[in-house]
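Observations on the three-dimensional arrangement
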Amino acid sequence: MKKGPSGPLVNQELCGNCFLCSEFCPAGAVEKAGQTKNALELVTELLKDRLVFEESGGGVTFSGGEPLMQPEFLLEVLKLLKQEGVHTAIETCGYTSWHNLVNAAALTDLILYDLKLIDEDQSKKYTGVSSKLILSNLKKLVSLNVNLHVRMPLIKGINDDINSLEKAAASLQEMGIEKIELIPYHNFGEAKYEKIGRDYGLKGLSRYSDADLQKVRIILSKAGIMINREGELNDYSRTGSH
Amino acid sequence: MITAERGATERVKQLRAQSENTVPEISLERALLVTEVYRHNYGKVSPPLLRALAFKQIMEKKSICINDGELLVGERGPGPLATPTYPELCCHSIDDLTVISERKKISFKVSEEVKKAQQDVIIPYWKGLSMREKIFENMSSAWLDCYQAGLFTEFMEQRAPGHTVADDKIYHTGMLDLISKIKAKLAEVEKEDGPDRSAREDQLQAMAICAESLIRFAERHAELAEEQARVEKDRTRKAELLEISRVCRQVPAHAPGNMWEALQYYWFVHLGVITELNTWDAFCPGRLDQHLEPFYRNDLAAGTLDREQARELLQCFWVKFNNQPAPPKVGITLKESGTYTDFANINLGGVKADGSDGVSDLTYLLLEVIDEMRLLQPSTNVQVSKKNPDLFIRKAGEVIRKGWGQPSVFNVEAVIQELLTQGKSLVDARCGGTSGCVETGAFGKESYILTGYFNLTKVLEITLNDGVDPATEKLIGLGSGKEVQFDSFDQLLESFRSQLHHFIEIKITGNQVIEELYAKNMPAPFLSLIIDDCLENARDYNAGGSRYNTNYIQGVGIGSITDSLAALKKHVFEDQKYTLPELLAVLKNNFAGREEVRQYLIHKTSHYGNDDDYADLIMKQVFKLYYEAVNGRPSYRGGIYRINMLPTTCHVYFGSVIGATPDGRLSGMPLSEGISPVQGVDLNGPTAVIKSAAKMDHLLTGGTLLNVKFTPQVLSGEKGLDSLVHLVRSYFRMDGHHIQFNVVDAETLKGAQQNPEAYGNLIVRVAGYSDYFNNLSEQLQNEIIQRTAHESL
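Residues numbered from 1 in each chain as written. Chains lettered and ligands numbered in written order. Predicted model: local features only at pLDDT ≥ 70, side-chain atom pairs only at ≥ 80, totals over all residues.

Things to note about the overall build of chain A
A count of helices and strands for chain A gives 11 helices and eight strands. For chain A, the proportion of its 242 residues judged to be buried stands at 24%. Sequence separation of 24 or more characterises 67% of the internal contacts of chain A that already satisfy a separation of 6 or more. (Helix = DSSP H or I, 4+ residues; strand = E, 2+ residues; numbered from the N terminus. Buried ≥ 20, exposed ≤ 12 C-beta atoms within 10 Å, placed from the backbone. Contact = placed C-beta atoms within 7 Å.)

Laid out in structure tokens, this is it:
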């Protein structure tokens, strides 16, 4: 381990993830993020904020990574929170078995479905997986009549050209989806990637200005897709309660 | 300093500019008038009569003024910001006056004439007679050692008890009505045959003299207004002067009949209280919106006033407060309260006497007024009840997020429960509120005196040094200064408990003597007119005449002591990473050459403010020990001792007398303030902060103070206001007493960029998303700094 420009650098190839360094480092420069908890322990922790959820009309959102990568655990936690009357949401990319998704849908109050790329080739190129499963899951969810918010992350030069957007709009309409939220790319993760010594693949990619975003909104609106703008803003309590 | 013009009308702009641009100056007029009265009457009449004669002399003889364009009249000194001294309380030396005029902050202009009169007249008469000197003469050597070591401060060494607030009485009672009541009471007392009959008669006579004097003071203003009207060329102004004259003949002699009269009446009473003595926290109209609302409603209905005229009157009222800076403080009193602010803290909203929602259109008008005026004084707060609409918090939030520091936010249900716990009636509790910084009181009925700050962290330092204060090297606590050994953390806490009781005992023993000195030598017959039941009891405010009497000792540094104890518990007693002597040696050397130990203590310890029970339960233990050491002890004048948790600026002074502490704090650095976490260690967001803070049993206190920092963007837009409402409502549902939002500016963010350690808790809003400032890239940080500079104020 040696010191880099903004903190310690860890040689990831040699690191065995024992995290002894984090125990010994007096300055707390290395931190082991995340803890191992069972479902009951996690729910106990989450319920500590119950009063705050009640006041704000909020609840618990499972985001990621991808929460459906741990389906059994997620279902167990959702079930316990449902028993406690806490509002839950899951944020998923949709790349999971229908079995997992439908079980989760039965236990949660809201599904935030992030649809990145509809085009098969593009999807394979940028996410490494086919979009077929993602789209078929989405279609089935729509027919289930669950509380569903479809969201489209926008990444400059990758999925925000007029062609991609019009195609996406057509596919959405075909599935009976009339309204989506946009999640414009931001680079807050860049500093975090640096901290864990990983390359940031989108280094230098600029964030969306209001004008950029307005262009996308107009293209989608013309193609018949309504934009729900509420989802573009998150309040500060997200950093506190999730 | 020339400030931007603020105010709804040209008149207000001019008056406000005068208030902002006039340099505070010392006036000896009051001191000379009081000295004259004492010279002729001291020892010849009883103390209440002596004080009443002094009050009469000032009200009849002091120079008065009517400033250009003003509608509400009366200044404490000869003009705006001319500030009197109170040699009967604190007789400044010539050196004091030099310091007061030359210091960089909180200075007052002192003319050569003032210095000469102080030298020739004031000092020769008052030397040895002032309360300050009497207090220090009468304190034990143990008390003096503790005072010098910075264990506690003493509120009454330069200023008088006060710490009380007006209720609605004056708005339906003229001074003439009070005089009639006094006469009736006198007739009763004359028939008594107790040993204190003549003292009681004197007290009532003194109160009557004060009531008459205030009426005379108002008449003098009426006469001056008439004089000015005679020569005034401008017809509008002439009419205003004649109206001023009419108002000053109506009040305070009679109850007010409209909003103008109500405001002028309060203002005369305010001047009376702060002229009679230099009371702590000046004085305050309390629930101003509720008191004025009936007048406002009637005036609007009668068509004699519209909303804009009401706004102008209120803005004139605001200027009046700002014209009276806190009289000059010196020494430790300046350190504990380093500000011109005199803590008039107006309450808005809350509930009415019958428990119903107290928010009205006047509440909203007042919120607009405070934001338009943006003056240091008076301070304002919103009293938030579950019965008030969210709109009330949102409107307050619109002002708060502008970042100039007002209003603060209080929990009505908590305040009421605190008062009920202390034995107040439900109606008195509902009509109470908070004053000063955060202090709970039954307005118009309670004397709730703050007696001094108490340095909790210093007690720990002395515990770890077996009774010796490392700074003065004196043995002031229990023990003999040998190396301490504790078998367990509980044993350490037990030792802390014993030391705590020892120091509280010294503090309260001193307080009792001081209280007796005030009760016997420095009655406040004018204030006694305003606070129930001094008249009915024929007993002075300073001798326990009020319906409720409470004494507070304010605990400081709960965050610092909690984190220090958490570090000791974890690293010495549980993990045994360090032995106690080893760690104490490192602290003694202020971590010199052992920065890694300091880093380890900071980063490997649970800190209060993160909703982590490890630290938070220690906070609860310390709180309980402090509560048990103080609460319920009787005071000299028949009141009860209680605790509250607030610092003003004392956490800086208290930190300056403490060496390095086990939480990694370096020697001399400030302690944590109020019940806020140690600066920069709360890393789990505002929800975690309020949850940690709410683990303290606020309802057992008479006030706690919690500060939360935000940048303006976090609170921007409707979403920002939603968040504010949720945070406030959540904290209050957990019985939190008070929360204030410190909206940071671009300069603070630049500081955070240079010194990230100290700002680990700073959350900024980026773009529809918030993150810790430290987590952002430098480029993004710069962007936020630019935006903040642009958006704030």
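Things to note about the overall build of chain B
Of regular secondary structure, chain B possesses 31 helices and 16 strands. Computed over its C-alpha atoms, the radius of gyration of chain B comes to 26 Å, within 12% of the 28 Å expected for a compact globule of 793 residues. Across its three principal axes, chain B shows a C-alpha extent of roughly 80 × 60 × 55 Å. When burial is assessed residue by residue, chain B has 58% of its 793 residues classed as buried. (Rg over C-alpha atoms; globule rule 2.2 N^0.38 Å.)

Concerning the pairing of strand β7 (residues 179-184) of chain A
Residues and elements named next belong to chain A. The sheet contact formed by strand β6 (residues 148-154) and β7 spans five bridges and is parallel. For Pro153, the partnering residue across the bridge sits in β7 and is Ile183. Handedness of the crossover joining β6 and β7 through helix α8 (residues 162-174): right-handed. Of the pairings in the sheet, the one linking β7 to strand β8 (residues 226-227) comprises two bridges and is parallel in character. Across the sheet, Ile180 pairs through a bridge with Ile227, a residue of β8. (Pairing = 2+ DSSP bridges. Right-handed = clockwise from strand over helix to strand, strands pointing away.)

As for the domain arrangement of chain B
All names here are of chain B. According to the domain assignment, chain B consists of domain 1 (29-91 + 165-443) and domain 2 (132-163 + 448-515 + 551-677 + 690-703). With centres defined by C-alpha atoms, the gap from domain 1 to domain 2 works out at 36 Å. In this complex, domain 1 contributes 28 residues to the contact, which on the side of domain 2 involves 26 residues. When residues of the side of domain 1 that touches domain 2 are traced back to their parent elements, those giving at least two are α14 (331-336), α17 (412-421) and β7 (439-441). Broken down by class, the residue content of the side of domain 1 that touches domain 2 amounts to nine nonpolar, 13 polar and six charged. (Domains from an automatic or database assignment. Nonpolar A, V, L, I, M, F, W, Y, C, P; charged D, E, K, R; others polar.)

Observations regarding the nonpolar core
Core analysis: the largest hydrophobic core is formed by 236 residues, its most contacted members being Cys210 and Val728 of chain B. Counting contributing residues, this core receives three or more from each of domain 1 (29-91 + 165-443) and domain 2 (132-163 + 448-515 + 551-677 + 690-703) of chain B. In this structure, Val728 of chain B is in contact with Val384, Ile393, Val409 and Ile739 of chain B, ignoring residues within four places of it in sequence. Counting 38 residues, the second largest nonpolar core, distinct from the first, contains Val52, Phe53, Ile134 and Leu220 of chain A. (Core = buried A, V, L, I, M, F, W, Y, C linked by C-beta atoms within 7 Å.)

Details of the environment of Gln713 of chain B
All names here are of chain B. As for its placement among the helices and strands, Gln713 is situated in the loop between β13 (707-710) and α29 (717-733). Accessibility expressed as a C-beta count within 10 Å gives 23 for Gln713, which makes it buried. Measuring from C-alpha to C-alpha, the distance between Gln713 and Gln754 comes to 21 Å, with 41 residues separating the pair along the chain.

Focus on the sheet that holds β13 of chain B
In any sheet, the strands associate via hydrogen bonds between backbone groups, in a parallel or an antiparallel arrangement. All names here are of chain B. What the five strands build is an open sheet, ordered β3-β4-β5-β14-β13; its pairing is mixed. The open sheet has two edge strands with one neighbour each: β3 (345-349) and β13. Going from strand to strand, the sheet's axes swing by 30 degrees on average, the running direction of each strand aside. Pairing of strand β5 (residues 408-411) with strand β14 (residues 738-743), which is carried by two bridges, proceeds in the antiparallel orientation. The residue bridging Phe410 from the neighbouring strand is His738, located in β14. (Axes fitted to C-alpha atoms, helices over the stretch in contact; angles between N-to-C directions.)

Points about the packing of helix α9 (residues 197-231) of chain B against helix α10 (residues 235-250) of chain B
All names here are of chain B. Contact geometry of α9 with α10 gives a least axis separation of 8 Å together with a crossing angle of 160 degrees. When the axis of α9 is compared with that of α10, the two are roughly antiparallel. The way α9 lies across α10 gives a crossing that is left-handed. Taking contact as the criterion, the partners of Ala218, Glu219, His221, Ala222, Ala225, Glu226, Gln228 and Ala229 in α9 are, on α10, Lys238, Leu241, Leu242, Ile244, Ser245, Cys248 and Arg249. Broken down by class, the residue content of the contact of α9 with α10 amounts to eight nonpolar, three polar and four charged. (Parallel < 35°, antiparallel > 145°, perpendicular 65-115°, else oblique. Left-handed = near helix turned anticlockwise from the far one by under 90°.)

Here's the deal with the sheet that holds strand β11 (residues 548-556) of chain B
Residues and elements named next belong to chain B. Across the sheet, which stays open at both edges, the three strands sit in the order β8-β11-β12 with parallel pairing between neighbours. Only two strands of the sheet have a single neighbouring strand rather than two, namely β8 (446-455) and β12 (640-644). Looking at each pair of strands side by side, their axes are set apart by 30 degrees on average, direction ignored. Here eight bridges tie β8 to β11, and the two strands are oriented parallel to one another.

As for unusual backbone geometry
Glycine aside, a negative phi is what most residues show, and trans is what most peptide bonds show. Val251 of chain B connects to Pro252 of chain B through a cis peptide bond whose omega is 10 degrees. Along the chain, Asp532 of chain B connects to Asp533 of chain B via a cis peptide bond; the corresponding omega equals -5 degrees. Summarising the element assignment, Asp533 of chain B is placed in the loop between α21 (525-530) and α22 (534-537). If you check the backbone angles, Asn17 of chain A has positive phi at about 55 degrees while not being a glycine.

Topic: the environment of Leu15 of chain B
Residues and elements named next belong to chain B. Its location among the elements puts Leu15 in helix α1 (residues 10-21). Each C-alpha atom of the pair Leu15 and Leu28 lies 24 Å from the other, and the pair is 13 residues apart in sequence. With residues up to four places along the chain from it excluded, the contact list for Leu15 reads Asn67, Gly69, Glu70, Cys316 and Val319.

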